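Here's the letter readout for the chains.
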Amino acid sequence: MAYGDTVEKINGQTFRDRKKHRTRQDLATAALRLFSERGYEAVTVDEIAEQAWVSPRTFFRYFPSKEDVLWLDSEDQVAVLHSAILARPDNESALDAVHHAMSDLVDGFSIDPEPLILRARIVAETPGLLARDLLEQTKWEHAVKEAIAERLDVDVESDAEPALIAVATGGALRVAFGRWIKDGCTGDLRELITDSLASLRRAICNTPETS
């Protein structure tokens, strides 16, 4: 094989893969900056592409639409969460499995919180993005529901427990994440998640059953 045909790798990634990743990140960074400065609705794909030094055609190779930039890693995070729940020890309760899986997943958020703060602010200020935000939350809950059903070996459609756990823990995560964002991402997100789930457990245990 000629030298020009070889593909060098670093940590399992080719240079081409790394370049694609960098371009995708550059587009997302440019979009967040423009959205925060001028508002989501006022920014065009052409302007985002120009800021990232690529063509609009290149933008659409990485993102189907302008709003997809705001949920850069959503699909990957959902897949990781699903796998993390399944990887928890069999003797853990469903709530504990989701708790530990969520805590492990959000560890990476603290590396660079600024994009998360900007995204939360942009979504909150743009009514047209709220439906998409709800859709992304639904994807997370679906991943939890499917994983819990598999752990419990129950039918995800006929057994209510996986869906109830998914909705409850999803709400607890949103409360924890909202508190973290409000405080400028200065607190311990793991601790906030633990507190939210502890409150959820107390609410469940202290609520009497009704006939």
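Since the structure is predicted, the reported quantities are computational estimates derived from the model, not experimental observations.

(A) Geometry of the overall build of the chain. Helix and strand content of the chain: 9 helices and 2 strands. Walking the chain from its N terminus toward its C terminus, one meets helices and strands in the order β-β-α-α-α-α-α-α-α-α-α. Out of the 211 residues belonging to the chain, those deemed buried represent 37%. Look at the contacts in the chain between residues 6 or more apart in sequence, and 63% of them connect residues 24 or more apart. Of the accessible surface of the chain, which amounts to about 12,900 Å², a share of 52% is contributed by carbon and sulfur atoms.

(B) Representation of the environment of aspartate 155 in the model. By secondary structure assignment, the location of aspartate 155 is in the loop between helix 7 (130-152) and helix 8 (161-182). Given the relative accessible area of 44%, aspartate 155 is considered partly exposed. In this structure the side chain of aspartate 155 is engaged in a polar contact, spanning 3.1 Å, whose partner is the backbone nitrogen of glutamate 157. Of the polar contacts made by the side chain of aspartate 155, one reaches the backbone nitrogen of serine 158; its length is 2.8 Å.

(C) Geometry of the packing of helix 6 (residues 114-125) against helix 8. Where helix 6 meets helix 8, the closest approach of the two axes is 10 Å, and the angle between their N-to-C directions is 105 degrees. One way to sum up the angle between helix 6 and helix 8 is to call them roughly perpendicular. Residues Leu116, Ile117 and Ala120 of helix 6 pack against Phe177, Trp180 and Ile181 of helix 8. Taken together, the residues of the contact of helix 6 with helix 8 sort by class into 6 nonpolar, no polar and no charged.

(D) Just the nonpolar core, in detail. Core analysis: the biggest nonpolar cluster contains 32 residues, and Leu81, Ile85, Val144 and Trp180 have the highest contact counts within it. Mapped by element, the contributors of at least two residues to this core are helix 4 (74-87), helix 5 (94-106), helix 6, helix 7, helix 8 and helix 9 (189-205). The contacts of valine 144, once residues within four sequence positions are left out, are Leu81, Ile85, Val98, Met102, Ala166 and Thr169. The next biggest cluster of nonpolar side chains, apart from the first, holds 22 residues, and it includes Ala30, Tyr40, Phe59 and Trp71.

(E) Main features of the confidence of the model for the chain. Confidence in the prediction of the chain, expressed as mean pLDDT, is 87, and 89% of residues score 70 or more. Mean pLDDT across the elements of the chain ranges from a minimum in strand 1 (residues 9-10), with 48, to a maximum in helix 2 (residues 45-51), with 97. Note that residues 1-10 has pLDDT below 50 and, in this model, 9 contacts with residues that lie over four places away or in other chains.

(F) Structural detail: the pattern of salt bridges. Counted according to the given criterion, the structure contains 13 salt bridges. In this structure, arginine 88 and glutamate 92 form a salt bridge, with 2.7 Å as the shortest nitrogen-oxygen distance. A relative accessible area of 21% means that arginine 88 is categorised as partly exposed. Across the salt bridge formed by aspartate 96 and arginine 201, the nearest N and O atoms sit 2.6 Å from each other. Remark: arginine 201 occurs in helix 9 and aspartate 96 occurs in helix 5; sequence separation between them is 105 residues.

(G) Structural view of the layout of surface pockets. Taken as a whole, the second largest pocket holds about 150 Å³ of empty space. Taken together, 14 residues line the second largest pocket, and the ones lying closest to its centre are Arg24, Asp68, Trp71, Leu72 and Glu75. When residues of the lining of the second largest pocket are traced back to their parent elements, those giving at least two are helix 4 and helix 7. A breakdown of the residues in the lining of the second largest pocket according to their chemical character gives 5 nonpolar, 1 polar and 8 charged.

Definitions and limits used
Residues numbered from 1 in each chain as written. Predicted model: local features only at pLDDT ≥ 70, side-chain atom pairs only at ≥ 80, totals over all residues. Heavy atoms only, no water. Helix = DSSP H or I, 4+ residues; strand = E, 2+ residues; numbered from the N terminus. Buried < 20%, exposed > 50% of the residue type's maximum accessible area, 1.4 Å probe, protein only. Contact = heavy atoms within 4.5 Å. Areas by Shrake-Rupley, 256 points an atom, 1.4 Å probe, with all protein chains shown as cover. Polar contact = N/O pair within 3.5 Å; in protein donor to acceptor, adjacent residues only side chain to side chain. Axes fitted to C-alpha atoms, helices over the stretch in contact; angles between N-to-C directions. Parallel < 35°, antiparallel > 145°, perpendicular 65-115°, else oblique. Nonpolar A, V, L, I, M, F, W, Y, C, P; charged D, E, K, R; others polar. Core = buried A, V, L, I, M, F, W, Y, C linked by side-chain atoms within 4.5 Å. pLDDT = per-residue confidence, 0-100. Salt bridge = Lys/Arg side-chain N within 4 Å of Asp/Glu carboxyl O. 1 Å grid on protein atoms, 1.4 Å probe; cavity = no way out; pocket = protein on both sides within 12 Å on 5 of 7 lines; lining within 4 Å. Points joined across faces, edges and corners; volume = space filled by probe spheres on them.

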